[in-house]
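# Summary of structural features
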Amino acid sequence: MIQNFLSIIIKYGSTFLFVLMELVCFYLIISYNQTQTEIWANSSNIISGSFYEKYNNLRSFVNLREENNVLALENARLMRELASVRFEEQEVDSTIAAQFQFIPALVINNSINTLNNRITLNKGLNDGIKKGMGVITQEGIVGIVVYASDHFSTVNSLLNVQTKVSGLIKRTKTLGDLSWRGRNPEIVSMNSVPQYISVELGDSIITSGYSTMFPKGHPVGVVGNFKENPRTGYFDIDVQLAVDLASITQVYVITNTVYDEIEQFEKESLDE
Amino acid sequence: MNSVVLVNLIRFIVIILLQVLIFKGINLNSGNFQYFHILFYPILIILLPFSLAKPYQLLIAFALGLIVDIFYDSLGVHTSAIVFMTYCRSFVLKFIEPRGGYNIESPGLGNAEFPWFVGYLAIMMGLFLVFYFSMEAFSAVYFWRIFLNTLFSFVLSVGLIIIYQLIFRTKL
């Protein structure tokens, strides 16, 4: 059977085979990039996922000491913040405080030099991670979960031209859209900030809290550069990212305990 | 097992591992300058013996591309480029055929002349990289990006492959 198949191919020339293979490739590229439902073959896939995890285990031995120091520092910082929060905000509604929970996860595969950069994490559905959850580090936001298998999940990082996140200029409380232009992995652009707002270099950009993915006020970056765009009437703002996405290892996936309720509510109010 | 097959098999395993574990992680870029990419694995196809039938070359290239793609999270991109390069290989070899034809078994630096090998390598890697970066961007809007990516990655990858071939002058 296979002999017959191959002899036909040899007889009718390898051009036929070449065209066929390229068509398969185009199909894969298009369907994979548009819908992301073809993720069975990306690195969330058990084979390469577990392979990368083993490789990472091996590599993380080398970094253990440094990793410990970072974790210890983070613990200290969290305890300090916890204390101050308890002191200051006893009035806050307890449902809001408990709304967001954090699942720690390790980055086992990462890229920053393509147009559609993705990150693979070593936690998945079994650990409570679902599609659409936000991913952060203590320094700032990282990306959004687009696919989760039982033990692994794939994250579209901020450095993915398909990722859209809303941000807030902390000082002026102005809302804007963050997206990546596909060039510098340290900078994302912020659009739709009107020109009457007095933006300054070094202004902090934080998450807006208007989505279910990120809690309000988590850092994104600072204004590195901005200019007026006469065509759109808005500012073009370059945001210097707070997180060095090239070297992240420990991240936290945010679960929103009232996510389902909010989704349900928004759907119902649209139907009315 | 035949020693040609054995050498090629070992080379495939080692170079695929090098590509997805080491070269993928190396980042020589900073700031706005993001054009250095090390794409080393096309050498596997470039070094295949002359006698191997073209459909087999294409099937090997297809499998190789899929393996690399799975690790790069870019299903189809590497595969289309490596299949394209493999398809062009016989035409390139005919185009640069020395007077009197080929009297060696495979095009490695162990038995080929240095200038001939560099010319062959450069044409093949040029074809591969242009196709690869075009597929990666998938739109002519990114013309400059494709051009600069190809240029800088070409210098880096071809340089590394020549060094590799100078160190391991395999006859097969």
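Residues numbered from 1 in each chain as written. Chains lettered and ligands numbered in written order. Predicted model: local features only at pLDDT ≥ 70, side-chain atom pairs only at ≥ 80, totals over all residues.

### Brief notes about the sheet that holds strand β8 (residues 187-194) of chain A
All names here are of chain A. Within the closed barrel, the six strands sit side by side as β6-β7-β8-β11-β10-β9. Their pairing is antiparallel. Across the sheet, the mean angle separating the axes of adjacent strands is 40° when strand polarity is ignored. As paired elements, strand β7 (residues 174-179) and β8 share three bridges and run antiparallel to each other. By the bridge assignment, leucine 178 is partnered in β8 with methionine 190. (Pairing = 2+ DSSP bridges. Helix = DSSP H or I, 4+ residues; strand = E, 2+ residues; numbered from the N terminus. Axes fitted to C-alpha atoms, helices over the stretch in contact; angles between N-to-C directions.)

### A word on the nonpolar core
One broad trend across soluble globular proteins is that nonpolar side chains are buried collectively. Val142, Val145 and Val239 of chain A are the most contacted members of the largest nonpolar core, which has 44 residues in total. At seven residues, the largest contribution of residues to this core is made by strand β4 (residues 141-148) of chain A. Discounting chain neighbours no more than four positions away, the residues touching valine 145 of chain A are Ile129, Lys130, Lys131, Gly132, Met133, Val135, Ser153, Val155 and Val253 of chain A. If you look at the next biggest cluster of nonpolar residues, it comprises 42 residues, including Phe71, Tyr87, Leu127 and Leu129 of chain B. (Core = buried A, V, L, I, M, F, W, Y, C linked by C-beta atoms within 7 Å. Buried ≥ 20, exposed ≤ 12 C-beta atoms within 10 Å, placed from the backbone. Contact = placed C-beta atoms within 7 Å.)

### Examining the packing of helix α5 (residues 114-137) of chain B against helix α6 (residues 143-167) of chain B
All names here are of chain B. For the pair α5 and α6, the least separation of the axes is 9 Å and the interaxial angle reads 140°. Put simply, α5 runs oblique to α6. For α5 against α6, the interelement crossing comes out right-handed. Contacts between α5 and α6 involve Val118, Leu121, Ala122, Met125, Gly126, Leu129, Val130, Phe133, Ser134 and Ala137 from the first element and Arg145, Ile146, Asn149, Thr150, Ser153, Phe154, Ser157, Val158, Ile161 and Ile162 from the second. In terms of residue class, the contact of α5 with α6 is built from 13 nonpolar, six polar and one charged. (Parallel < 35°, antiparallel > 145°, perpendicular 65-115°, else oblique. Left-handed = near helix turned anticlockwise from the far one by under 90°. Nonpolar A, V, L, I, M, F, W, Y, C, P; charged D, E, K, R; others polar.)

### Some remarks on unusual backbone geometry
One non-glycine residue, serine 192 of chain A, adopts positive backbone phi at about 55°. Note on serine 192 of chain A: 14 C-beta atoms within 10 Å, which makes it partly exposed. The backbone of aspartate 73 of chain B sits at a positive phi, close to 55°, despite the residue not being glycine.

### Some details on the environment of lysine 123 of chain A
Residues and elements named next belong to chain A. Along the chain, lysine 123 falls in the loop between β2 (116-121) and β3 (134-136). C-beta crowding within 10 Å serves as the criterion here: with 20 such atoms nearby, lysine 123 is assigned to the buried category. Lysine 123 has contacts with Ile103, Ala105, Ile129, Ser153 and Val253, leaving out every residue within four places of it along the chain.

### Comments concerning the confidence of the model for chain A
In the predicted model, chain A carries a mean pLDDT of 79, and 83% of its residues have values of at least 70. A low-confidence stretch, residues 34-41 of chain A (pLDDT under 50), is modelled with 12 contacts involving residues beyond four sequence positions or located in other chains. (pLDDT = per-residue confidence, 0-100.)

### Observations concerning the pairing of strand β10 (residues 219-229) of chain A
Residue and element names in this part refer to chain A. As defined by bridge partners, strand β9 (residues 204-207) adjoins β10 across three bridges and the pair is classed as antiparallel. By the bridge assignment, isoleucine 206 is partnered in β10 with proline 219. Note: β10 against strand β11 (residues 234-241), eight bridges, orientation antiparallel. Bridge pairing in β11 links glycine 221 to leucine 241. Linking β10 to β11, which pair antiparallel, is a turn of four residues; within it glycine 233 sits at a positive phi near 80°.

### Concerning the confidence of the model for chain B
The pLDDT averaged across chain B works out to 88; a share of 97% of its residues lies at or above 70. Two numbers describe this predicted complex: its pTM, 0.61, and its ipTM, 0.80.

### Details of the environment of phenylalanine 12 of chain B
All names here are of chain B. Here phenylalanine 12 is to be found in helix α1 (residues 3-23). The class for phenylalanine 12 is partly exposed, based on 16 C-beta atoms found within 10 Å. Remark: the alpha-carbon pair of phenylalanine 12 and leucine 64, spanning 52 residues in sequence, is separated by 8.5 Å.

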